[in-house]
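Listed below, chain by chain, are the residues.
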2 protein chains.
Amino acid sequence: MDQAVRFLDLLFDAGLLIQTGVDGLYGRSGAFEDVLNRVDALATRYGADDGAETLRFPPAMSRRAFETSGYLKSFPQLAGTVHSFCGNERDHARLLECLGAGDDWTSGQQATDVVLTPAACYPLYPTLAKRGPLPDDGKLFDLQSYCFRHEPSLDPARMQLFRMREYVRAGTPEQVLAFRETWLKRGEAMIRSLGLPLTIDIANDPFFGRAGKIMASGQRDQGLKFELLVPINSAAEPTACLSFNYHQDHFGKTWGIAMADGATAHTACVGFGLERITLALFKHHGLDVEAWPTPARDVLWG
Amino acid sequence: MDQAVRFLDLLFDAGLLIQTGVDGLYGRSGAFEDVLNRVDALATRYGADDGAETLRFPPAMSRRAFETSGYLKSFPQLAGTVHSFCGNERDHARLLECLGAGDDWTSGQQATDVVLTPAACYPLYPTLAKRGPLPDDGKLFDLQSYCFRHEPSLDPARMQLFRMREYVRAGTPEQVLAFRETWLKRGEAMIRSLGLPLTIDIANDPFFGRAGKIMASGQRDQGLKFELLVPINSAAEPTACLSFNYHQDHFGKTWGIAMADGATAHTACVGFGLERITLALFKHHGLDVEAWPTPARDVLWG
């Protein structure tokens, strides 16, 4: 963790990230955003010929859809529900009194109908289900959004709010596995073109509790999740910058997404951690983008 | 409101906005996002020669900074606090039981250190204060972020999550008033170049409660807030697409932002409601961007 904290301090000192007083919640400089947007555009170029439908959701989703998604079963500790003040003037006076006295004023806040988006693809599935059966060749979507995970950390690569770019494929098992194979190759080519060292490994999600441990090992045993890892804080514990996930029929079943023949649709996604790839670039090529190696500059600015 | 609901339905039918089951929370199509990004880029072009420092904050800010900002005094009803599950496995089992029974599972959620950003400039002020006194010619910032306001509505121009682009000027009263004058002219030129009808009017913020009514009329009497309005739902009640706000020394005092000579800094901002300008374009020029009038197309795509 020392390495991570040192890198975070370097980023603050260079003004690339801006402290807010909350671990994992940072402002970004124009230079940081410029690199991040160029990484995002690079992911667009790699997927340009696939005919994906572009959708963009805000950084929050319907609470009802969130409840249906099953996220609370697997990752309750990471979710962020949005709450509001719904009282009258007397309640307001009490709230301000609490605030003024340094007491907790948040217990009167009531849950709204929205929850922060945990992964860019979560708002997609109910949308897709509402459209009815998929065509025979399935569907492909292009998504990006800020995502929230409640895991305050001093590791700059573990932010509470970060952007995830995703391509999501829905279709038959063959179609979605072929998609994942393609992106495993493309992702590797993309990150190598930026001059970053990488490994690809089987992985699992951070499922909650003891039952979660069993789910995690099932996920590994079945080879459902792969990650493309780049050393950011240490070579021993490299950071997942891309992930390649085969959901089988999990979302298809959850949402009732069907193929034309009535079979439950399978889904898979490739997710790009845009802040993580950006941080990997600053880590390996230095804090001054003008001094980055020519090949990486050509890929991003060319 | 009928007009607003009809326009919202048209946008859903055309696939430009996507329903999520929550009023004011919508997905956006690729075409919608393309127009919005071009409007954003147009605001960049109008401000390009001013030497603004670009900063981008995530759609949430530190709760402590939010508390200090005074927002809860003026607009408690609009704020969105982020809450998380902080329990153990037994608590988790109870949560899932509530969820399964259709009971309220949210009362156990605890407030985190983050609050959704109510306006793009809110995370800026504490950042600015930490940097110490402003140079003699003050400072200029370029901001953009998703903002949250808890006001569910069927008016497509009143979303709960929307993007606000802002330029914020900090300096002497003369400097910040000159900035506001410049942007009143630029904003008018920008919106006219898009072929949209507009009016500019004195305005006030939606302060909470009876005391809020007095604050609102004080704001109007002093001419602190102007809005550039474009009819979206009706000519009688046009929608604020840009706003021009002179905060006097409100944020300077709140955060201790000082000039080099020790005087409290004044601030002003121009805010662009990116979804609103985009919606105004679709309303006035039609839902098919290919069929928009040539002058507007030249400005955005030229």
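Refer to the structure presented above.
Computed from a predicted structure; not experimentally measured.

**Student:** Summarise the overall build of chain A; cite the residues concerned and give the values.
**Tutor:** Helix and strand content of chain A: 11 helices and 12 strands. Dimensions along the principal axes, computed over C-alpha positions, put chain A at roughly 60 × 55 × 35 Å. Residues classed as buried in chain A amount to 55% of the 302 residues present. In chain A, the share of contacts with a sequence separation of at least 24, taken over all contacts with a separation of at least 6, comes to 70%. In the structure as shown, chain A presents an accessible area of about 12,200 Å², 50% of it carried by carbon and sulfur atoms.

**Student:** Could you give me a rundown of unusual backbone geometry, with the residues and numbers involved?
**Tutor:** The backbone phi angle of A:Gln248 is positive, close to 50°, even though this residue is not glycine. Mapped onto the elements of the fold, A:Gln248 is located in strand 11 (residues 239-248).

**Student:** For the interface of chain A and chain B, give the residues involved together with the corresponding values.
**Tutor:** Between chain A and chain B, the contact holds 57 residues from the first and 58 residues from the second. Both faces considered, chain A and chain B share a buried interface measuring about 4,800 Å² in area, 69% of it formed by carbon and sulfur atoms. Counting the contacts that link chain A with chain B gives 2 salt bridges. Put simply, A:Arg210 and B:Glu89 hold a salt bridge, and the shortest N to O gap is 3.2 Å. Here chain A and chain B share 18 residue pairs in polar contact (both at pLDDT 80 or more) between them. When grouped by side-chain class, the residues that make up the side of chain A that touches chain B number 26 nonpolar, 21 polar and 10 charged. Strand direction decides the pairing type here: strand 2 (residues 25-29) of chain A and strand 3 (residues 53-56) of chain B, joined by 2 bridges, are antiparallel. Counted as the bridge partner of A:Arg28 is B:Arg56 from strand 3 of chain B.

**Student:** Please provide a residue-by-residue account of helix 7 (residues 173-193) of chain A, values included.
**Tutor:** All names here are of chain A. Its 21 residues give helix 7 an end-to-end C-alpha distance of 30 Å, which sits within 8% of 30 Å, the value for a rise of 1.5 Å per residue. Turning to helix 7, its buried residues are Gln175, Val176, Phe179, Arg180, Trp183, Leu184, Arg186, Gly187, Met190 and Ile191. The first or second residue beyond helix 7 is Gly195, which carries a positive phi of 75°.

**Student:** An account of the side chain of A:Asp142 is needed here, citing residue identities and associated values.
**Tutor:** Following the sequence through the fold, A:Asp142 ends up in strand 7 (residues 139-148). Excluding residues within four positions of it along the chain, A:Asp142 makes contact with A:Ala52, A:Glu53, A:Thr54, A:Leu55, A:Arg56, A:Arg165, A:Glu166 and A:Tyr167.

**Student:** Please set out the pairing of strand 12 (residues 266-273) of chain B residue by residue, giving values where relevant.
**Tutor:** Residues and elements named next belong to chain B. The element strand 12 is extensively covered by neighbouring structure, given that 8 of its 8 residues are classed as buried. Covered by surrounding structure in strand 12 are His266, Ala268, Val270 and Phe272 together with Thr267, Cys269, Gly271 and Gly273, the residues of both alternating faces. Across 6 bridges, strand 11 (residues 239-248) lies against strand 12 in antiparallel orientation. Residue pairing for strand 12: Leu242 is matched across the bridge by Phe272.

**Student:** An account of the relation of the copies chain A and chain B is requested, with residue identities and associated values reported.
**Tutor:** For the pair chain A and chain B, the superposition axis carries a translation of 0.0 Å, the fit reaches an RMSD of 0.0 Å, and the rotation angle comes to 180°. What the rotation and shift describe, once combined, is the action of a two-fold rotation axis. Across chain A, the rotation axis passes nearest the C-alpha of A:Val82, at a separation of 2.4 Å. Most of the interface of chain A is mirrored in chain B, where 100% of its interface residues are also at the interface.

**Student:** Tell me about the sheet that holds strand 9 (residues 199-202) of chain A, residues and numbers included.
**Tutor:** Across the sheet, which stays open at both edges, the 9 strands sit in the order 9(A)-10(A)-11(A)-12(A)-8(A)-7(A)-3(A)-2(B)-1(B) with mixed pairing between neighbours. The open sheet has two edge strands with one neighbour each: strand 9 of chain A together with strand 1 (17-22) of chain B. Taken over all neighbouring pairs, the strand axes of this sheet differ in orientation by 20° on average, direction set aside. The pairing of strand 7 of chain A with strand 8 (residues 161-171) of chain A spans 10 bridges and is classified as antiparallel. The residue of strand 8 of chain A that forms the bridge with A:Leu143 is A:Glu166. Contacts from helix 2 (residues 30-47) of chain A reach strand 7, strand 8 and strand 12 (266-273) of chain A, with the element oriented near 5° to strand 8 of chain A.

**Student:** Tell me about the sheet that holds strand 4 (residues 60-62) of chain B, and please be specific about residues and values.
**Tutor:** Two strands in a sheet stick together by hydrogen bonds in their backbones, pointing the same way (parallel) or opposite ways (antiparallel). Strand order in the open sheet formed by 6 strands is 4(A)-6(A)-5(A)-5(B)-6(B)-4(B), and the pairing between neighbours is antiparallel. The two strands at the open ends of the sheet, each matched to only one other strand, are strand 4 (60-62) of chain A together with strand 4 of chain B. Taken pair by pair, the neighbouring strands of this sheet meet at an average axis angle of 50°, ignoring direction. Sheet topology places strand 5 (residues 81-84) of chain B next to strand 6 (residues 110-116) of chain B; 3 bridges connect them, and they run antiparallel. Across the sheet, the residue bridging to B:Ser84 is B:Gln110, located in strand 6 of chain B.

**Student:** Let's hear about the environment of B:Gly195: which residues, and what values?
**Tutor:** Residue and element names in this part refer to chain B. One can find Gly195 in the loop between helix 7 (173-193) and strand 9 (199-202). When its relative accessible area of 47% is taken as the criterion, Gly195 is described as partly exposed. C-alpha separation for the pair Gly195 and His250, spaced 55 residues apart in sequence, amounts to 36 Å.

So, how was this worked out
- Residues numbered from 1 in each chain as written.
- Chains lettered and ligands numbered in written order.
- Predicted model: local features only at pLDDT ≥ 70, side-chain atom pairs only at ≥ 80, totals over all residues.
- Heavy atoms only, no water.
- Helix = DSSP H or I, 4+ residues; strand = E, 2+ residues; numbered from the N terminus.
- Buried < 20%, exposed > 50% of the residue type's maximum accessible area, 1.4 Å probe, protein only.
- Contact = heavy atoms within 4.5 Å.
- Areas by Shrake-Rupley, 256 points an atom, 1.4 Å probe, with all protein chains shown as cover.
- Buried area = accessible area lost by both parts, 1.4 Å probe.
- Salt bridge = Lys/Arg side-chain N within 4 Å of Asp/Glu carboxyl O.
- Polar contact = N/O pair within 3.5 Å; in protein donor to acceptor, adjacent residues only side chain to side chain.
- Nonpolar A, V, L, I, M, F, W, Y, C, P; charged D, E, K, R; others polar.
- Pairing = 2+ DSSP bridges.
- Expected span 1.5 Å × (residues − 1).
- Least-squares fit on C-alpha atoms with pLDDT ≥ 70 in both.
- Axes fitted to C-alpha atoms, helices over the stretch in contact; angles between N-to-C directions.

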